[in-house]
Amino acid sequence: MSAAEPAGLGERLIQPVTNISDFIWGGTWNGESVIPIPPLAVVLLGVGLWFMVGLKFYPITRFGSAVKGLFAGRKQAGEGEISPFAALSTALSGQVGTGNLAGVATAIALGGPGAVFWMWITALFGMALAFAEGSLAIRYRETTSDGVKRGGPMSYIVMGLGPKWTWLAIVFALGTLFSGLVTGNSIQANAMADGMNELFGIPEWIGGLLTAAVVFVVIIGGIKSIGNVAEKVVPFMAATYIVMALIALALNFQDLGETFGLIFHGAFNPQSAVGGFTGAAIIMAIRAGVARGLFSNEAGQGSTPIAHAVAQTDDPEQQGRMAMLGTFIDTIVICTMTALVILTVEGNFTANGQPVIHVWQSDRVGFEMTSGAFAAAFPFEIGSIPLGTLIASIALILFVFTTLLTWSYYGERAITFLYDRVKGSTREGEKKLHMAWRVLWCVVIFIGAAQPSELVWRLGDISNAAMALPNLLALALLSGVVFALARGDRTAGPTHTAETPEEPEEY
């Protein structure tokens, strides 16, 4: 862009949006510290700690039984739309996306290797939050006039806390629409277009158009169609990616010890990053790890309980365990694989024109960093493309595709909840609204594919906070119910419902 050419709207928005994002997650404004703690990171970890202690470390002590429940989760055990396992796969398809590849790389670039440690901590506390969300999603869910089960934070706020808290549910629903269009759509579409451009040389706008068309074919069938695709694609793509990452680590086994040393040292050392990024403070490592941890696993954000609410089970505790497994698989397993490959694999990289051994020390950022690490591990070419680049790009495309499917449903539920607050709302009206939303969703995919990536990532951090804050407040207020559900009391807590002339007929 020449000096005389004015910056586009996207470029002009980057700085103010960055300031808001930095304040929420790091307590800084224009690069200067305003408050000494990262606000949302403290809230997220604080509420997570409250649940971990209140649940008596349930995610750790009952982890084995949760894994065993994966097999039972394939069978119907109550009312709902899809099997408990399909609900987990659907939630995972929303969780496992660009955050697992590009987001992890961004966290390391911002906060150094120590950010990985704080991602683990976020996931550990996040498992407690995910249990709370999954169990409440089954305990408090609504039934439409034609017998469809649905729910999520909007439902457990209104039905669990009472009508006087409807305002909080509305705030959450608005945050979900914001986050859906940014985090669940624009960021994913942006990454998908980049991946298709790198693999096939397709211009970003064409990549966005193709993605929108394929997504529309699936989401036109609603949650059952999404769940059917997720149940088949998610386990396969996750397993394949993990296996390839393990092979890459085995080929660079000699550096693994140093990698773990960097992670633990960097988590508590003010000078946590070296090489391509210097002088990252502990606060930056925490901010980067927690922000990207939340972006990836969504624990406490309130998105995954929307998927878990449709599970065919009447046991809140069972689905709570499924939900906490989703957080474990997403962050402790898949994100860790990405982080270890980035930090461990050796190759020929440069930083400011100087050679460096590891990709995280280089000038590469985001998905380019992840792709570079896999390319170094698997350098032999297929059609002039390194096998590693092919692996990372295909993984990104599949992860992003399924995320786009699931988040379309999350947004659909939010917009339906808002519509149901309108006097005279009907089931037929809901269905028309669903179709309009699905069309809008695909239009935004096309638009988001060509937006500046820095802008959409920063907007994503803000939109995630817009969902997480009202949801975390609701979880804290319902914590007593969650603790009772964990003890096996399926009807714990009050149920605030009344007959209404609108959909659903009882709310």
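The coordinates are above.
Position numbers for residues count from 1 along each chain, tracking the sequence in the order it is written. Only residues with pLDDT of 70 or above have their local features reported here, since the model is predicted, and side-chain atom pairs are shown and tallied only from 80 upward, although totals for entire chains, interfaces and linings are computed over all residues. Working from all heavy atoms in the structure, the side-chain values ignore hydrogens and water.

Here's the deal with the overall build of the protein
Then, in step 1: For the purposes of this entry, the term helix denotes a DSSP run of H or I that reaches at least four residues, the term strand denotes a run of E that reaches at least two, and both are numbered from the N terminus. Assigned secondary structure in the protein consists of 20 helices and eight strands.
Then, in step 2: Three labels apply to residues, based on accessible area from a 1.4 Å probe with only protein chains included: buried if under 20% of the type maximum, exposed if over 50%, partly exposed otherwise in between. Counting all 507 residues of the protein, 61% fall into the buried class.
Then, in step 3: Accessibility throughout is a Shrake-Rupley quantity obtained with a 1.4 Å probe, and a residue counts as covered only by protein chains that appear here. Of the accessible surface of the protein, which amounts to about 18,800 Å², a share of 66% is contributed by carbon and sulfur atoms.

With respect to the pattern of salt bridges
Side-chain pairs of opposite charge can arise where the charged atoms are in close proximity.
Then, in step 1: A side-chain nitrogen of Lys or Arg and a carboxyl oxygen of Asp or Glu constitute a salt bridge if their distance falls within 4 Å. Enumeration according to the criterion identifies 10 salt bridges in this entry.
Then, in step 2: In this structure, arginine 150 engages glutamate 142 in a salt bridge whose closest nitrogen and oxygen atoms are separated by 2.5 Å.
Then, in step 3: Judged by relative accessible area, arginine 150 falls into the buried class, the value being 3%.
Then, in step 4: Here glutamate 412 and arginine 438 are joined by a salt bridge, their closest N and O atoms 2.8 Å apart.

Observations concerning helix 10 (residues 204-219)
Then, in step 1: Given a rise of 1.5 Å per residue, 16 residues ought to cover 22 Å, and the 22 Å separating the end C-alpha atoms of helix 10 matches this to within 8%.
Then, in step 2: For this analysis, residues touch if any pair of their heavy atoms sits within 4.5 Å. Those residues of helix 10 that are buried are in contact with helix 9 (166-200), helix 11 (222-251), helix 17 (387-420) and helix 18 (427-448). For a helix, the expected span equals 1.5 Å multiplied by the residue count minus one.

Details of the packing of helix 16 (residues 366-377) against helix 17
Helix-helix packing is described using two parameters, namely the angle between the two axes and the distance between the axes.
Then, in step 1: Orientation of helix 16 relative to helix 17, taken along the N-to-C sense of each, is 140°, at an axis distance of 6 Å. With respect to helix 17, the axis of helix 16 lies oblique. Crossing angle aside, the handedness with which helix 16 passes helix 17 is right-handed. Taking contact as the criterion, the partners of Phe367, Ser371, Phe374 and Ala375 in helix 16 are, on helix 17, Gly388, Thr389, Ile391, Ala392, Ser393 and Leu396.
Then, in step 2: Polar here means any residue other than Ala, Val, Leu, Ile, Met, Phe, Trp, Tyr, Cys and Pro, which are nonpolar, and Asp, Glu, Lys and Arg, which are charged; Gly is therefore polar. Looking at side-chain class alone, the contact of helix 16 with helix 17 contains six nonpolar, four polar and no charged residues. Axis definition: a line fit to C-alpha positions, over the contact stretch in the case of helices; interaxial angles, taken between N-to-C directions, run 0 to 180 degrees. Roughly parallel here means an angle under 35 degrees, roughly antiparallel means over 145, roughly perpendicular means 65 to 115, and every remaining angle is called oblique. By convention, the crossing between two helices is left-handed when the near helix turns anticlockwise from the far helix through less than a right angle, and right-handed when the turn is clockwise.

Some remarks on a nonpolar patch on the surface
Then, in step 1: Together, Trp205, Leu209, Ile220, Met435, Val439, Leu440, Val443, Phe446 and Ile447 give the surface a local cluster of nonpolar side chains, amounting to about 760 Å² of exposed area.
Then, in step 2: Take the nonpolar patch: its biggest share by element is six residues, from helix 18.
Then, in step 3: Tracing the backbone through its elements, the reader meets leucine 440 in helix 18. Each patch is built from residues that are more than 30% exposed by relative accessible area and take part in no salt bridge. Like charges join if they lie within 9 Å; nonpolar side chains (Val, Leu, Ile, Met, Phe, Trp, Tyr) join within 5 Å.

A few points about the packing of helix 11 against helix 16
Then, in step 1: At a minimum axis separation of 9 Å, helix 11 and helix 16 run at an interaxial angle of 60°. With respect to each other, helix 11 and helix 16 are oriented oblique. The crossing of helix 11 and helix 16 is left-handed. Residues Tyr241, Met244, Ala245, Ala248 and Leu251 of helix 11 pack against Thr370, Phe374 and Ala377 of helix 16.

Brief notes about the nonpolar core
Then, in step 1: Residues grouped as a nonpolar core are buried Ala, Val, Leu, Ile, Met, Phe, Trp, Tyr and Cys residues, joined through side-chain atoms within 4.5 Å. Core analysis: the largest hydrophobic core is formed by 141 residues, its most contacted members being Phe51, Leu55, Leu136 and Val215.
Then, in step 2: When residues in this core are grouped by element, the largest group, 17 residues, is from helix 17.
Then, in step 3: If near-sequence neighbours (up to four positions away) are discounted, leucine 136 is found in contact with Tyr156, Leu475, Leu478, Val481, Val482 and Leu485.
Then, in step 4: Core analysis: the next-biggest nonpolar cluster, separate from the first, contains eight residues, Ile24, Trp25, Leu40 and Leu455 among them.

Quick look at the environment of alanine 486
Then, in step 1: Residue position: alanine 486 is located in helix 20 (residues 479-486).
Then, in step 2: Taking the C-alpha atoms as reference, alanine 486 lies 9.8 Å from lysine 56; in sequence the two are 430 residues apart.
Then, in step 3: Sequence-distant contacts of alanine 486, that is, excluding residues within four places in its chain, are made with Leu55, Tyr58, Phe131 and Glu317.

Considerations on helix 11
The α-helix advances 3.6 residues per turn, and as a result positions three or four apart in sequence lie on the same side.
Then, in step 1: A rise of 1.5 Å per residue sets the reference length of helix 11, with its 30 residues, at 44 Å; its end C-alpha atoms lie 43 Å apart and thus fit the reference within 8%.
Then, in step 2: Alanine 230 marks the point of greatest bend in helix 11, at about 30°. Take the seven residues that end at a residue and the seven that start at it, fit an axis to each, and the angle between those axes is the bend at that residue.

Overview of unusual backbone geometry
Then, in step 1: Phi is positive for lysine 56, close to 55°, though the residue is something other than glycine.
Then, in step 2: Mapped onto the secondary structure, lysine 56 falls in the loop between helix 2 (39-54) and helix 3 (58-61).
Then, in step 3: The backbone of asparagine 352 sits at a positive phi, close to 55°, despite the residue not being glycine.
Then, in step 4: Tracing the chain through its elements places asparagine 352 in the loop between strand 5 (346-351) and strand 6 (354-358).
Then, in step 5: Look at asparagine 352 and you get exposed, because its relative accessible area is 72%.

Here's the deal with the pairing of strand 6
Then, in step 1: Criterion used throughout: strands pair if DSSP finds at least two bridges between them. Sheet topology note: the strand 5/strand 6 ladder contains four bridges and is antiparallel. Opposite glutamate 346, over in strand 6, you have histidine 358 as the bridge partner.
Then, in step 2: Linkage of strand 5 to strand 6, two consecutive antiparallel strands, is achieved through a turn of two residues, within which asparagine 352 is found at a positive phi near 55°.

Some thoughts on the packing of aromatic side chains
Then, in step 1: Centres within 6.5 Å are what make two rings of Phe, Tyr or Trp a pair, Trp counting through its six-membered ring; a difference in plane orientation under 30 degrees is then read as stacked, over 60 as edge-to-face, and the rest as tilted. Within the structure shown, the criterion is met by 13 aromatic pairs.
Then, in step 2: Note on tryptophan 120 and phenylalanine 264: the rings are 5.9 Å apart at their centroids and 55° apart in plane angle, and the pair reads as tilted. One end of the pair, tryptophan 120, is in helix 7 (residues 114-139); the other, phenylalanine 264, is in helix 12 (residues 256-268), with 144 residues separating them in the sequence.
Then, in step 3: Relative to tyrosine 410, the ring of tryptophan 407 has its centre 5.1 Å away and its plane inclined at 75°; by these criteria the two rings are edge-to-face. You can see tryptophan 407 and its partner tyrosine 410 sitting in helix 17, three residues apart, about one turn around the helix. Each member of the pair, tryptophan 407 together with tyrosine 410, is buried.
Then, in step 4: Grouping aromatic residues by their ring pairs yields a cluster made of Phe117, Trp118, Trp120, Phe260 and Phe264.
Then, in step 5: A ring is considered to have a charge above it if a Lys NZ or an Arg CZ atom is located within 6 Å of its centre and within 35 degrees of its normal. Taking the ring centre of phenylalanine 417 as reference, the NZ or CZ of arginine 421 above it sits at 4.3 Å.

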